[in-house]
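# Overview (structure and organization)
As a plain string of letters, each chain reads:
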Amino acid sequence: AQTVTQSQPEMSVQEAETVTLSCTYDTSESDYYLFWYKQPPSRQMILVIRQEAYKQQNATENRFSVNFQKAAKSFSLKISDSQLGDAAMYFCAYRIYRDDKIIFGKGTRLHILP
Amino acid sequence: SQTIHQWPATLVQPVGSPLSLECTVEGTSNPNLYWYRQAAGRGLQLLFYSVGIGQISSEVPQNLSASRPQDRQFILSSKKLLLSDSGFYLCAWSVRDRGGQPQHFGDGTRLSIL
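So, how was this worked out
- Residues numbered from 1 in each chain as written.
- Chains lettered and ligands numbered in written order.
- Predicted model: local features only at pLDDT ≥ 70, side-chain atom pairs only at ≥ 80, totals over all residues.
- Heavy atoms only, no water.
- Helix = DSSP H or I, 4+ residues; strand = E, 2+ residues; numbered from the N terminus.
- Rg over C-alpha atoms; globule rule 2.2 N^0.38 Å.
- Buried < 20%, exposed > 50% of the residue type's maximum accessible area, 1.4 Å probe, protein only.
- Phe/Tyr/Trp six-rings, centres within 6.5 Å; stacked < 30°, edge-to-face > 60°.
- Salt bridge = Lys/Arg side-chain N within 4 Å of Asp/Glu carboxyl O.
- Contact = heavy atoms within 4.5 Å.
- Buried area = accessible area lost by both parts, 1.4 Å probe.
- Polar contact = N/O pair within 3.5 Å; in protein donor to acceptor, adjacent residues only side chain to side chain.

### Things to note about the overall build of chain B
Per the secondary structure count, chain B includes zero helices and eleven strands. The linear arrangement of helices and strands in chain B, starting from the amino end, is β-β-β-β-β-β-β-β-β-β-β. Over its C-alpha atoms chain B spans a radius of gyration of 14 Å, differing by no more than 12% from the 13 Å that the globule rule assigns to 114 residues. Principal-axis analysis of the C-alpha atoms gives chain B an extent of 40 × 30 × 20 Å. By residue count, 50% of the 114 residues in chain B fall in the buried class.

Right, here's the structure in full:
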């Protein structure tokens, strides 16, 4: 069975610093996609970044970047120059190419310290 | 551009009363549609998903049901609410038949059962 594990229930980072959120997944598939979603206190789910497993290059969106290690089944999210607005719950998610469902991790709550 | 509307935003209902939450998507055709529930401070639980009109897949046996009467309309219902039905309900959509597409979420409904 496919699973997504986020081993850090909570993290804190000083404003303007860099933080990395961890995510590992378990799969026997070769064609899949990985996502990071952000859920701020408003509870709206916002797509942060998407990575195709067949691409070796790590995805980047402004201050957000990933470190995708396919062999290790690891997909961490790095937030650079952390801002107060980055405070949120972050969910790592995985989807097999042919599947209609996305599997979510349990989330990491990120606190930004002013 | 595509938008997803979910209502109501907040709902307070007595135990044993019926429930109807509605979700509609605009700007796309034939989307996959999803209902999730999220307990306070916890991850997402997939309740139902649909790949077409009248096609509903249930992930978790429970007191709820879903229907898709139109292509871009997804309804979550209950005949008699239980206290355990309290939570935050999220509707989502994704592009059908294109592997690896992310899900896009509505703003959610906060349901409190008294």
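From this point, the narrative continues.
### What about the packing of aromatic side chains?
Counted according to the given criterion, the structure contains 15 aromatic pairs over all chains. When the ring of Tyr25(A) is compared with that of Tyr32(A), the centres are 5.3 Å apart and the planes differ by 65°; the resulting orientation is edge-to-face. Neither Tyr25(A) nor Tyr32(A) differs from the other in exposure class; each is buried. Plain terms: the ring middles of Phe104(A) and Phe105(B) are 6.1 Å apart, the flat faces sit at 70° to each other, and that makes the pair edge-to-face. Residue Phe104(A) is found in strand β11 (residues 103-104), and its partner Phe105(B) is found in strand β10 (residues 104-105); the two belong to separate chains. Phe104(A) gets classed as buried once you look at its relative accessible area, which sits at 12%. With relative accessibility at 7%, the residue Phe105(B) sits in the buried group. An aromatic cluster is defined as three or more aromatic residues linked by ring pairs; in this entry it consists of Phe35(A), Tyr37(A), Phe104(A), Tyr34(B), Tyr36(B), Tyr49(B) and Phe105(B).

### Thoughts on the pattern of salt bridges
All names here are of chain A. Evaluated as defined, the whole model comprises seven salt bridges over all chains. Ionic pairing is found between Asp26 and Lys73, a salt bridge with its closest N-O pair at 3.9 Å. In this pair, Asp26 sits in strand β4 (residues 24-26) while Lys73 sits in the loop between β8 (64-69) and β9 (74-79), placing the two residues 47 residues apart along the sequence. By relative accessible area, Asp26 is classed as partly exposed at 39%. Since its relative accessible area comes to 26%, Lys73 is described here as partly exposed. Measuring nitrogen to oxygen at the nearest pair gives 2.8 Å for the salt bridge that ties Arg63 to Asp86. Placement of Arg63 in the loop between β7 (60-61) and β8 and of Asp86 in the loop between β9 and β10 (88-96) is noted, with a sequence separation of 23 residues between them.

### Concerning the interface of chain A and chain B
Of the residues lining the interface, 19 residues belong to chain A; the matching set on chain B comes to 25 residues. Summed over both sides, the interface of chain A with chain B buries roughly 1,800 Å², with 50% coming from carbon and sulfur. Broken down residue by residue, the surface that chain A buries against chain B is led by Arg43(A), Asp100(A) and Lys101(A), which jointly contribute 34%. For the interface between chain A and chain B, the tally reads one salt bridge. Salt-bridge contacts for Lys101(A) lead to Glu59(B); the nearest nitrogen and oxygen are separated by 3.3 Å. Where chain A packs against chain B, one counts nine residue pairs in polar contact (both at pLDDT 80 or more).

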